[in-house]
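These are the residues of each chain, in order.
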Amino acid sequence: MKKRTLLLTGVAAAAIATGAFADGHAPLKVGFVYVGPVGDGGWTYEHDQGRLAVEAHFGDKVETVFQENVPEGADAERAMTQMALQGADLIFTTSFGYMDPTIAVAAKFPDVKFEHATGYKRADNVSTYSARFYEGRAIQGHIAGKMTKTNKIGYIASFPIPEVIRGINSAYLHAKKVNPDVEFSVVWAYTWFDPAKEADAAKALIENGADVILQHTDSTAPQAAAAEAGGVITFGQASDMGEYAPLPRVSSIIDNWAPYYIQRVQAVMDGTWESVDTWDGIGPGMVGIGEITDAVPADVKAEAEAMRDAIAAGEYHPFTGPINKQDGSVWLADGEIASDGDLAGMSFYVEGMTGEIPN
Amino acid sequence: MDLSINPILLVASLMVASTPILLAAIGEMVVEKVGVLNLGVEGMMIVGAICGFAIAVETGSPAVGFAAAAIGGAILSMLFGFLTQYLLSNQVATGLALTLFGLGLSSLMGQSYVGIKPPSTPKLDIPLLGDIPVLGPMLFSHDLMVYVSLAIVAGVWGFLKYTRGGLILRAVGESHDAAHALGYNVILVRLAAIGFGGACAGLGGAYLSLVRVPQWTEGMTAGAGWIALAIVVFASWRAGRVLLGAYLFGGITVLQLNLQAAGVAIPVELLSMSPYLITILVLVIISSDRNRAALNAPASLGRAFHASS
Amino acid sequence: MIRLEKRPTPSQTWAYLTPLVAVVATMIAGGVLFAFLGKDPIVAIRTIFWDPVFGEFAFYYRGQLLVKAGPLILIAIGLSLGFKAGIWNIGAEGQYIMGAIFGAAVGLAFYPMEARWLIFPLMIVAGALGGFLWAMIPGILKTRFNTNEILVSLLLVYVAESILASMSLGLLRNPEGAGFPGSRNLRQYESAANNELIAGWGMHWGVVAAFIAVIFAYILLSRHIMGFNIRLTGESPRAARFAGVNPNRLILFCLGLSGALAGLAGMFEVAGPAGQISIDFNVGYGFTAIIVAFLGRLHPIGILLAGLLMALTYIGGEAAQASLGLPAAAIQAFQGMLLFFLLAFDVLTNFKVRFGREATV
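Residues numbered from 1 in each chain as written. Chains lettered and ligands numbered in written order. Predicted model: local features only at pLDDT ≥ 70, side-chain atom pairs only at ≥ 80, totals over all residues.

Another aspect to go through is the overall build of chain C. For chain C, the count of helices and strands is 14 helices and two strands. Since a compact globule built from 361 residues should have a radius of gyration of about 21 Å, the 22 Å found for chain C is in line with a globular shape. Dimensions of chain C, computed from the C-alpha atoms along their principal axes, are close to 75 × 60 × 35 Å. A total of 361 residues make up chain C; the buried ones form 60% of that total. (Helix = DSSP H or I, 4+ residues; strand = E, 2+ residues; numbered from the N terminus. Rg over C-alpha atoms; globule rule 2.2 N^0.38 Å. Buried ≥ 20, exposed ≤ 12 C-beta atoms within 10 Å, placed from the backbone.)

Printed below as a string of structure tokens:
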């Protein structure tokens, strides 16, 4: 029991420390827990760019700490506890797998604020945030459908999780809308990170006739494969991948966490932080659409930009009925807009997609 | 659902896909042939990947990059060589430590190279051979390193089989005490082999970062070094079968992705584990066929050598 | 001229001293590395080695040391028996995954029934069985078809990872998880949870199992005929065969036992610290345990200490990342250096360093 008392004392000490920081004399301490290395050039890299933006914006009013390569599970729990013990006021946990650890640690440190990316469990001191990447996918689908000559679009996917399936459906629906003959072939890499495998997957798709490659993996390997093959277009993922513009990369989806991170840090400073569920898209700037290059015909580019603006303004939702599921059953009636709940847990293909989702 | 996989393109891409593991595996085979087990292949590959990438970016020449990768891999392997040959440390643990160290070191070296595009490695345009209808695009349309890897395999095979040096090398691996008694410098022979293995692993890593991907990201070898180790065992320490093993593994990896791209209705989970399962299956068939096949391992493999013992 | 002269028997003194010398050498070399990266070397070294055990938040870290060391020790003990006999199970990572899947599957099958006395023991058995069966594949292929166990056990790790991914996306997925991957959290299911026995201590059943395994291995190796057979086979396979050791039975025993222990480690991890089956459940314990086994010189007590030391570098290294901003890569390189020094200085246990020319033998 003595140890238990000690632990609680420690928690209390941390809480006191937090209180001391919050009164404005000391910098606000913000922690970031990353699942990959900051040098991954993709998911974690962009979160770290967000961290650097926070530092640049607030200067010496904040102190940021981060831990990279943190595996999900026990290690994540320790990383968060460690940051909380050392006086962090706000902790961003940036991987879906950190969900249960975040909730568990948050319960032990009621005075520390937590922000968990891409999850669905919240508490009084735990917010969740995620990005509507499917909005960007809709624009990609439109460009892809217009530009494909072989009517075959290749899609490199990681694992069959809702986030990935949502992206495939969104891209497919918008490609189909402008080109009824379009076909998608999906390759599941079954890995989050293996650049060599991504290169092979891209090549396999191109050899099978695809002249547009969409990717839900973070390396530039597919861009290089497309550049080599020639006559194939691609889109940057997570980062702009501008080094492959104007061809094969004709546009990109950029993860832009900076505005959100700055806003949340400000809220803690102002004492206005509340537990919220944020799911932002192009409008608030969480999803960035990289420059559409001149390789895209002017009219297509104009349409794509119009769609981008309509989505940003909230005038158009990429999942607007009528949409049927793959088995032909009705999902959304005419004019009906998909609920966030349906989107969050999406585990089916829409009508017209061939192949099955592995499970 | 048409089975539109083009065998010509498939062979062409399997040769590219297999080259990194082929290079690393042929180097490791020589190392094991002299009786040393270096489990640090992954670490040497990734250090080669960043050395090659960084130097190629700085000089603008992929060829210089590849040379730097070979040197980088060889230098790192000398650390292993010094520890295991002079200080007689345990080879298995030292090799694993080398992998850990190499992964860390490469990330430190590569911090300023994330998100850069390397200079491209040209494909050879072989005049006559490249124009042969089927074989041309299949075999004769690659970059130089593909042929270098094949040349190294042939060279190692010839060296081990026909030269005196190869004989000494094998003698050291089979019985270091006997080789020592015959007056050969066991440690020097082993260091040379370890260095060769490191250089080959470095080349394999650079092939990933300069040609196959091409990009630098931390941990980008993603386990290729471990596959190379498995290929050496698969090959029963024979050069020809290293080639077979690497191309088999690379070939199935490429084929399974092609099957997915063509929309063949085989569960993806099964496809994604197929390269490993089929490699095991083939090994089982080969080793049960000839009872002694698995006994080909060099007799002194993994054992420390000290002149007084 | 420096040369090494073999000691007639390993030096007891140096056997205890070398780890200390190695740690000191690592501190110096690591300090240089950290200074090179622009960090205060003394603060960095203190953060890694001292703070987790004696620092301000040691009350928390000490428990975490056990959480991290437990699976490493449990797996390494099993591996060490095989390594002693020259049987190379490189695939403990795969057996760890399969143990976790089996254990979790049994626990989840009973959900939400409350019967800890039945469910938790059954999960332990299932976890051990999962690892055992996965290790039997290389075992049987080796004894039947003479297939090399290094290759089979290693490649089966990747197969196990694929199975893990499809389990967390399919069969074992949390039905209330809104389609997200990953199983239910076993820690929140009373009958299946492997929680800390005393809050804050880090001690859970997996750590207890690791300590039991250390004692068991110690007795096996020093008192039991099987332990004698293992050592004999490792030193001289021919002599062992003359002594009537059945090599096939020994292979199956060593692989099976190491698989079962790795499976147990996986099961305790999934029901405790990790909590759930997820795509990225495994974090490399099976490979790190190989280092731990050799660092501990394949001796049970040595493995216990080596496991704790490795855990310390992980915990301290993480702390240094978060508090000093050291990149994870620097910690990895530092761990590599520590291992190099530990392995290098080991030479002093078995050899004397002599200066000058070789004496007449």
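Additional details are given in the paragraphs that follow.
Moving on, we get to the interface of chain C and chain B. If you look at the interface, chain C gives 35 residues, while chain B gives 37 residues. For the side of chain C that touches chain B, the secondary structure elements donating two or more residues are strand E1 (2-6), helix H5 (116-145), helix H6 (149-169), helix H11 (285-295) and helix H13 (328-345) of chain C. Tallied by class, the residues present in the side of chain C that touches chain B amount to 24 nonpolar, eight polar and three charged. (Contact = placed C-beta atoms within 7 Å. Nonpolar A, V, L, I, M, F, W, Y, C, P; charged D, E, K, R; others polar.)

Attention shifts here to the interface of chain A and chain B. Contacts between the two partners involve 32 residues from chain A, matched on the other side by 34 residues from chain B. Grouping the constituent residues of the side of chain A that touches chain B by class yields 15 nonpolar, eleven polar and six charged.

The next subject is the UniProt feature "transmembrane region" (unreviewed entry) in chain C. Residues and elements named next belong to chain C. Using the residue numbers shown here, the UniProt feature "transmembrane region" (unreviewed entry) corresponds to residues 14-38, 58-83, 95-111, 117-138, 150-172, 198-221, 250-268 and 329-348. For residues 198-221, the helix share is 71%, the strand share is 0%, and the end-to-end C-alpha distance is 32 Å. Helix makes up 100% of residues 250-268 and strand 0%, whereas the separation of the span's terminal C-alpha atoms amounts to 27 Å. (UniProt positions renumbered as here; feature names shortened; annotations may be inferred.)

Residues Val187(A), Ala25(B), Ile26(B), Ile231(B), Val242(B), Ile75(C) and Leu155(C) are the most contacted members of the largest nonpolar core, which totals 346 residues. The residues that make up this core include at least three from each of domain 1 (2-131) and domain 2 (133-255 + 286-344) of chain A. For Ile26(B), the residues in contact, after removing those within four places along its chain, are Ile152(B), Val153(B), Val156(B), Cys200(B), Ala239(B) and Val242(B). (Core = buried A, V, L, I, M, F, W, Y, C linked by C-beta atoms within 7 Å. Domains from an automatic or database assignment.)

All names here are of chain C. In the predicted model, chain C carries a mean pLDDT of 90, and the fraction of residues at 70 or more is 98%. Of all secondary-structure elements in chain C, the lowest mean pLDDT belongs to E1, at 77, while helix H4 (residues 92-110) reaches the highest, 96. Across the interface, the model reports ipTM at 0.90; the global pTM reads 0.92. (pLDDT = per-residue confidence, 0-100.)

A word on the environment of Ala104(A). Its location among the elements puts Ala104(A) in helix H4 (residues 99-108). The spacing of Ala104(A) and Thr81(A) is 23 residues in sequence and 9.7 Å in space, taken between C-alpha atoms.

Another point: the packing of helix H6 (residues 144-162) of chain B against helix H7 (residues 164-174) of chain B. Residue and element names in this part refer to chain B. With their axes 5 Å apart at the nearest point, H6 and H7 run at an angle of 80 degrees to one another. Here H6 is positioned roughly perpendicular relative to H7, judged by the angle of their axes. Along its contact with H6, which presents Phe159, Leu160, Lys161 and Tyr162, the element H7 presents Gly165, Gly166, Leu169 and Arg170. Class assignment for the residues of the contact of H6 with H7 results in four nonpolar, two polar and two charged. (Axes fitted to C-alpha atoms, helices over the stretch in contact; angles between N-to-C directions. Parallel < 35°, antiparallel > 145°, perpendicular 65-115°, else oblique.)

Along the chain, Met78(B) falls in helix H3 (residues 62-86). A sequence separation of twelve residues divides Met78(B) from Asn90(B), and the C-alpha atoms of the two residues are 15 Å apart.

Attention now goes to the packing of helix H3 (residues 58-84) of chain C against H11(C). Describing two packed helices takes the angle between their axes plus the distance from one axis to the other. Residue and element names in this part refer to chain C. Where H3 meets H11, the axes come as close as 8 Å, and the angle between the chain directions of the two elements is 60 degrees. Classed by the angle they form, the pair H3 and H11 counts as oblique. Regarding H3 and H11, the two cross each other, and that crossing is right-handed. Contact residues: H3 offers Pro71, Leu72, Ile75, Ala76, Leu79, Ser80 and Phe83, while H11 offers Tyr285, Gly286, Thr288, Ala289, Ile290, Val292 and Ala293. The residue inventory of the contact of H3 with H11, partitioned by class, reads eleven nonpolar, three polar and no charged. (Left-handed = near helix turned anticlockwise from the far one by under 90°.)

Once that is clear, we can look at the sheet that holds strand E2 (residues 62-67) of chain A. Residue and element names in this part refer to chain A. Overall, parallel pairing links the six strands, which are arranged E2-E1-E3-E4-E5-E11 in an open sheet. For this open sheet the edge positions go to E2 and strand E11 (277-280), each flanked by a neighbour on one side alone. Each strand axis lies, on average, 20 degrees off the axis of its neighbour in the sheet, ignoring direction. One ladder, built from four bridges, connects strand E3 (residues 90-93) with strand E4 (residues 113-117); its direction is parallel. Note on E4: the bridge partner recorded for leucine 90 is lysine 113. (Pairing = 2+ DSSP bridges.)

Before going further, it helps to examine the environment of Glu5(C). Locating Glu5(C) in the fold gives a position in strand E1. Spatially, the C-alpha atoms of Glu5(C) and Ile48(C) are 36 Å apart, while their sequence positions differ by 43 residues.

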